[in-house]
Structures are given as C-alpha cells and as structure tokens.
Amino acid sequence: MPADLMTNGMPDAVRPLKIGVIAGEVSGDLLGADLVAALKRAHHGPIELVGVGGDGLIGEGLVSLFDFSELSIMGITQVLSKLPGLIRRINQTAAALIAAKPDVLVVIDSPDFTHRVAKKVRAALPDLPIVDYVCPSVWAWKEYRAAAMLAYVDHVLAVLPFEPAAMQRLGGPPTTFVGHRLTADPDILKVRAARTLRRTPVKGEPHTIMLLPGSRGSEIRALLPVFGEAAKEFQTRNGPTRFVLPTVSRREALVREIAATLPVKVDITSDAAGKWQAFTEADAAMAASGTVILELGLATVPVVSAYKSDWLIKLMASRIKIWTGALPNLIADYPVVPEYVNEVVRPGSLCRWAERLSTDTVQRSAMLEGFATAWERLSVAVPPGEAAAGIVLRYALSGRGNDRTRD
C-alpha cells in the first residue's frame with residue numbers, strides 16, 4: 001500500500017480518528033450530527049468525538065463538556081451580561097481540546113464562542129487543521145474578520161452559495177459551498193410535496209395563519225404581543241381564522257403565558273410533528289427574522305418577516321453592510337420576503353401582508369417564484385453532510401495544507 005495512504009503503519013481508511021467538534025446552538029448541533037453521521041459512513045475506522053454539542057451530536061457519541069444551551073445568547077447586550085461565564089467556557093473547551101489532541105477540529109457557527117476557542121487551540125496546537133462549518137456573516141458586517149480568520153481557520157464550509165466569492169473578495173480562508181442541510185431535510189421535503197396538493201383559500205373562506213415569534217425569550221417577548229394584535233386585526237377583517245404557533249419545548253411555558261393575554265385564541269404546539277403539520281396547513285405566516293424564514297421559503301409557506309433588535313444593535317446599524325436580513329432575499333438576490341424592523345413592526349402592516357399572502361394574489365405568486373429560485377440556487381448534487389464530511393476527512397487524514405484551493 002502506498003505510504004501516503006498509511007499512518008503509523010495503519011491504512012488511513014481504517015485508522016481511528018478523533019474529531020474535535022464545537023456547536024453553540026441547535027442549528028449548529030444538527031449540522032454537526034449530520035456531518036458526523038456522514039463521516040461514519042465514509043470512514044471505516046472508529047471515530048471518537050470530543051467537544052461541545054447538543055442532542056444531535058450526543059446521539060452520535062459526543063459527551064459534551066457542558067450543556068450547550070448556556071451559549072444560546074442573542075444580541076450584544078446579552079453577550080456582555082454573560083461574558084464572565086462565556087470566557088470560562090471558552091477556556092474550559094480550549095483546554096479540553098488541547099489535551100485531547102484531535103486529528104481535526106470542526107467549529108460550527110456561533111463565532112462569538114467557537115472562534116475564540118479555535119484561536120486558543122491554534123496557538124497551542126499549530127499543526128492541527130481547523131475547519132469552520134457555516135461561514136460567519138462577514139459579508140454583512142465586520143468584513144475584516146474574513147482576513148483575520150486565516151490565522152486560525154484552514155477551510156470554511158459555506159451553506160450559502162454567494163459566500164465563497166465573498167470570502168475570496170475579502171481575503172478569507174479557502175471556502176467551499178457544500179449546500180444547505182434544509183434542502184435535504186425530510187420534513188421539509190414532505191411539506192413541499194403536501195403543499196403542492198393544497199388549494200389556496202379564496203377571500204372569505206377560513207384561513208390558517210402561523211405565528212413564529214422566535215425561539216429566544218427576548219424575541220418572543222418583543223414580537224408575540226405584536227403578532228397577537230395583527231392576528232386580531234386579520235380576524236376582524238377576514239372572518240374565522242385559525243392561528244397556530246409552533247414553539248420549542250423550553251419556551252412553551254413563556255409562549256403560553258403571553259398567548260393567554262392575546263386578543264385571539266392561538267393553538268400552540270411544541271413537538272416536531274406539530275410544527276411540520278402547521279407548516280403543511282398554514283396559508284401564510286408571520287415570523288421572526290432568522291433561519292425560520294428560510295425554512296418557510298423552502299417549504300413554500302408565504303411569510304412576512306419581523307425583527308426587534310436590542311438597543312446596542314440599533315446604535316451599530318450603520319455598520320451593517322447587507323440590504324436585507326431575510327435569507328431567501330439574499331439567495332435570490334432580489335426582494336422576495338417583506339421585512340419590518342424595530343419601530344416599523346406594526347400590526348396593521350403584518351395583517352395586510354398576511355391577507356395578500358394567504359390568498360391567490362400576485363404578491364403570493366411572486367413570493368413562491370422567489371422561493372423556487374432560492375431552492376434552485378441552494379440545491380447541490382451531493383448531500384451537504386456528505387460534501388462537508390469529504391473535506392473534513394481529508395484534513396483529518398492528511399493534516400494542514402492538504403487542500404488550499406478555493407471552490
């Protein structure tokens with residue numbers, strides 16, 4: 001067997017691998033679990049995990065260093081308030097990875113945490129390859145971060161198609177678009193298929209409107225009362241309407257507490273089956289800006305987006321470089337989803353958009369066309385997890401410098 005396919009006398013295809021992995025949020029944990037599952041299919045030797053993650057990565061064999069829900073923070077003011085604990089967890093995670101000496105380190109999203117760990121690990125283990133899964137939004141703000149990443153990231157796995165060009169323009173590490181996991185999500189695929197069989201309601205027929213005020217407490221407190229007022233206005237103007245609100249189990253108590261004060265009845269569900277049933281049945285949605293807007297777009301659910309930021313983000317708004325916060329808009333490269341931010345998040349605007357999007361109108365048709373464009377641009381020949389696993393595996397087996405090309 002050629003020497004370049006052997007390590008310490010053992011064929012690379014079967015030698016044990018130790019993978020360092022850090023995910024700071026649920027979305028990153030899902031990406032990590034998908035990646036590790038693909039690694040196990042591609043590599044015939046045993047794989048050991050070390051790092052931080054949630055249920056997905058734990059299900060793949062990770063013993064997380066701590067409960068990663070501690071890292072679920074939003075907005076600069078929350079980061080500042082939790083900074084001492086965050087620094088302690090950064091140091092703990094870096095020390096554990098340095099001691100473990102993995103074959104490769106994969107940091108997934110949550111750059112406030114994962115990149116600080118990566119810098120410390122690179123300083124102590126300069127030969128350890130580091131792969132960043134999910135490109136930081138350097139194209140949106142703080143563009144200087146792209147070039148700075150060269151010091152501690154060897155390769156970026158991008159989930160949005162325009163990111164490799166942006167990273168190259170900004171002088172960042174080699175970047176490969178591997179596709180977005182949502183295009184291969186079986187639940188989204190089922191919803192897409194089911195929705196092709198649905199008839200769009202006509203004006204005067206009962207509607208189902210989905211309310212998605214976010215998964216963080218601050219988002220829910222800021223947006224759910226406004227959504228409630230918009231729902232009341234929609235019902236007054238359009239007659240009998242069912243309002244359904246999928247949430248996550250850890251926020252269900254808060255959602256029910258606020259929902260009890262709303263002027264309309266809201267059906268609340270906190271399990272996955274209930275969420276996807278709501279996606280299937282909804283005529284339109286009002287949603288907090290974030291990944292869920294892309295979920296809705298790929299599932300072909302028309303949506304109006306809303307967001308209320310904390311006071312410090314408002315002060316820094318002039319530093320934000322992008323023209324939109326809605327991912328379907330960025331991917332299609334034109335306005336697909338209407339957005340309302342901060343003081344202009346008003347019930348009347350949300351209500352009227354819900355009206356236009358829940359019946360057969362030119363606005364609904366145009367949005368569905370935009371969603372189709374986004375789907376096409378996100379689609380890849382190889383499933384995202386497998387494409388990501390191929391790159392990670394090359395670094396794990398060959399070390400740094402084995403693949404410095406930009407895709």
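Engineer: Describe in detail the packing of aromatic side chains, supporting the description with residues and values.
Structural biologist: Using the criterion set out here, one finds four aromatic pairs in the structure. Ring geometry for Phe-66 versus Phe-113: centroids 6.1 Å apart, planes at 85°, classification edge-to-face. Remark: Phe-113 occurs in helix H5 (residues 111-124) and Phe-66 occurs in the loop between helix H2 (55-59) and helix H3 (76-81); sequence separation between them is 47 residues. On the basis of relative accessible area, Phe-66 is assigned to the buried category, the value being 7%. Here Phe-113 falls in the buried class, since its relative accessible area comes to 3%. Ring centres 5.1 Å apart and planes at 85° place the aromatic pair Trp-139 and Phe-162 in the edge-to-face group. Here Trp-139, found in the loop between strand E6 (130-133) and helix H6 (145-148), pairs with Phe-162, found in the loop between strand E7 (155-158) and helix H7 (163-169); they are 23 residues apart in sequence, far enough to count as distant. Above the plane of the ring of Trp-375 lies Arg-192, whose end atom (NZ or CZ) is 3.7 Å from the centre.

Engineer: Describe the pairing of strand E10 (residues 241-246), and please don't skip the residues or the numbers.
Structural biologist: Among the six residues in E10, five count as buried, and that is most of the element. Where strand E9 (residues 207-212) and E10 come together, four bridges link them in parallel fashion. Residue pairing across strands places Thr-208 opposite Arg-242, the latter belonging to E10. As for the winding sense of the linkage, the β-α-β connection from E9 through helix H9 (residues 217-238) to E10 is right-handed.

Engineer: Quick rundown of the nonpolar core? Include the residues and the values.
Structural biologist: With 127 residues, the main nonpolar core has Ile-19, Tyr-133, Met-210, Phe-279, Met-286, Leu-296 and Leu-350 as its most contacted residues. No other element matches H9, which puts eight residues into this core.

Engineer: Please set out the pattern of salt bridges residue by residue, giving values where relevant.
Structural biologist: Tallied over the entire structure, the rule returns 17 salt bridges. Residue Arg-89 is joined to Glu-70 by a salt bridge in which the shortest nitrogen-to-oxygen separation is 2.8 Å. Of this pair, Arg-89 sits in helix H4 (residues 83-100) while Glu-70 is found in the loop between H2 and H3, placing the two residues 19 residues apart along the sequence. On the basis of relative accessible area, Arg-89 is assigned to the buried category, the value being 13%. For Glu-70, a relative accessible area of 35% puts it in the partly exposed group. One salt bridge in this structure joins Asp-283 and Arg-198, with 2.9 Å as the shortest N-O distance. Of this pair, Asp-283 sits in the loop between helix H11 (272-281) and strand E12 (284-288) while Arg-198 sits in the loop between helix H8 (186-195) and E9, and the two are 85 residues apart along the sequence. What makes Asp-283 buried here is its relative accessible area of 2%. The exposure class of Arg-198 is partly exposed, given its relative accessible area of 28%. Within this structure, Arg-242, Lys-265, Asp-267 and Glu-281 form a network of salt bridges that share partners.

Rules used throughout
Residues numbered from 1 in each chain as written. Predicted model: local features only at pLDDT ≥ 70, side-chain atom pairs only at ≥ 80, totals over all residues. Heavy atoms only, no water. Phe/Tyr/Trp six-rings, centres within 6.5 Å; stacked < 30°, edge-to-face > 60°. Helix = DSSP H or I, 4+ residues; strand = E, 2+ residues; numbered from the N terminus. Buried < 20%, exposed > 50% of the residue type's maximum accessible area, 1.4 Å probe, protein only. Lys NZ or Arg CZ within 6 Å of the ring centre and 35° of its normal. Pairing = 2+ DSSP bridges. Right-handed = clockwise from strand over helix to strand, strands pointing away. Core = buried A, V, L, I, M, F, W, Y, C linked by side-chain atoms within 4.5 Å. Salt bridge = Lys/Arg side-chain N within 4 Å of Asp/Glu carboxyl O.

Distances and angles like these do not, on their own, reveal function.
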